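Residue-level structural notes
Chain residues, written in single-letter form:
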Amino acid sequence: MIKLRAEVAVLLIVIIVGAAFVPAFGSHVHAGEPLVPASWRAENPGPYLVDITVALDEEWIDIFGSNAEQQAARVVEIAAANLRPAGLYLRLADFTRWTSANEAETIHPLLEAVEDAIPIDGRGLVVALTAGSYGAGVDGLARARRPHVVVRHHAGNLDRDAYVLTHEIGHIFGLDHHVREDGLCFMADHGYDPDEHWCPEHLELLRNNAGYLDYANDADPQE
């Protein structure tokens, strides 16, 4: 009986000690989906250039007036700096106009609207900027493997707009939300923080997927 109790005690100690080395549930990051095979990436190492068409709605133009394009260019410039460590380079190629849905309660219908209004082929992306007021607290919207993104302006905070653009472009290139609570990854969905950065898992996947538009369009990024 004493021997049995001792064995049970040892077993309990092993279980307790072992549990101490099991990582917390929130420590795992499911970064997203690999979009580019390693064989293609080995033959096409990048860097990868993405042409950006910026679409400005009437509210954006009303707020910024003659500086509307300059302010939009600043948003793209900041986002480009955020994405550069992954070998993904944004180049502002063109400006255009679009009419956002003033009656929309959220920005969700705007993504479909801009997709219909400004179709795009090839390796580029359309970045639609709006300064309209929309509910549900959603600041940006994009879908994996789709070349359009909508970003809602926060008054006087272009850095926040650029963070949202960085986050949404991450989604286009296959990245999921950051689920770990101990970091400030660009892919976190907690809202803007000026100290955002890439966590190692998301940066690794973004580097893997940075050539996705070239791969999907069977284009050589060196051309």
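Treat the numbers as computed from the prediction; the structure is a model and nothing was measured.

Here we come to the pattern of salt bridges. Summed over the entire model, instances satisfying the criterion amount to nine salt bridges. For Arg 146, the salt bridge is made with Glu 115, and the minimal N-O distance between the two is 3.0 Å. A residue pair is termed long-range when its members are at least 10 positions apart, and Arg 146 in the loop between β4 (140-142) and β5 (148-152) and Glu 115 in helix α5 (residues 108-117) qualify at 31 residues. By sharing partners, the salt bridges in this structure join Glu 112, Glu 115, Arg 143 and Arg 146 into a single network.

Taken together, the buried positions of helix α7 (residues 200-209) are His 202, Leu 203, Leu 205, Leu 206, Asn 208 and Asn 209. Its buried side turned inward, α7 meets α2 (38-43), α4 (68-83) and α8 (212-216).

Mapped onto the fold, Arg 152 is located in strand β5. Judged by relative accessible area, which is 12%, Arg 152 ranks as buried. Polar side-chain contacts of Arg 152 include one of 3.4 Å to the backbone oxygen of Val 138. Apart from residues lying up to four places away in sequence, Arg 152 is in contact with Ile 107, Thr 130, Gly 132, Tyr 134, Gly 137, Val 138, Asp 139 and Asp 161.

It is worth spelling out the packing of aromatic side chains at this point. Using the criterion set out here, one finds six aromatic pairs in the structure. Ring geometry for Trp 60 and Phe 64: centres 4.7 Å apart, planes at 50°, overall tilted. Here Trp 60 pairs with Phe 64, and both are found in helix α3 (residues 58-64), just four residues apart, close to one helical turn. Trp 60 sits in the buried class, given a relative accessible area of 1%. Joined through ring pairs, the aromatic side chains of Tyr 163, Phe 186, Tyr 192 and Trp 198 make up one cluster.

In terms of burial, strand β3 (residues 125-130) is largely enclosed, as six of its six residues are buried. With five bridges joining them, strand β1 (residues 48-56) and β3 adopt parallel strand pairing. Bridged to Thr 53 within β3 is Val 126. Here β3 pairs with β5 via five bridges, running parallel. By the bridge assignment for β5, Val 127 is matched with Val 149.

Rules used throughout
- Residues numbered from 1 in each chain as written.
- Predicted model: local features only at pLDDT ≥ 70, side-chain atom pairs only at ≥ 80, totals over all residues.
- Heavy atoms only, no water.
- Salt bridge = Lys/Arg side-chain N within 4 Å of Asp/Glu carboxyl O.
- Helix = DSSP H or I, 4+ residues; strand = E, 2+ residues; numbered from the N terminus.
- Buried < 20%, exposed > 50% of the residue type's maximum accessible area, 1.4 Å probe, protein only.
- Contact = heavy atoms within 4.5 Å.
- Polar contact = N/O pair within 3.5 Å; in protein donor to acceptor, adjacent residues only side chain to side chain.
- Phe/Tyr/Trp six-rings, centres within 6.5 Å; stacked < 30°, edge-to-face > 60°.
- Pairing = 2+ DSSP bridges.

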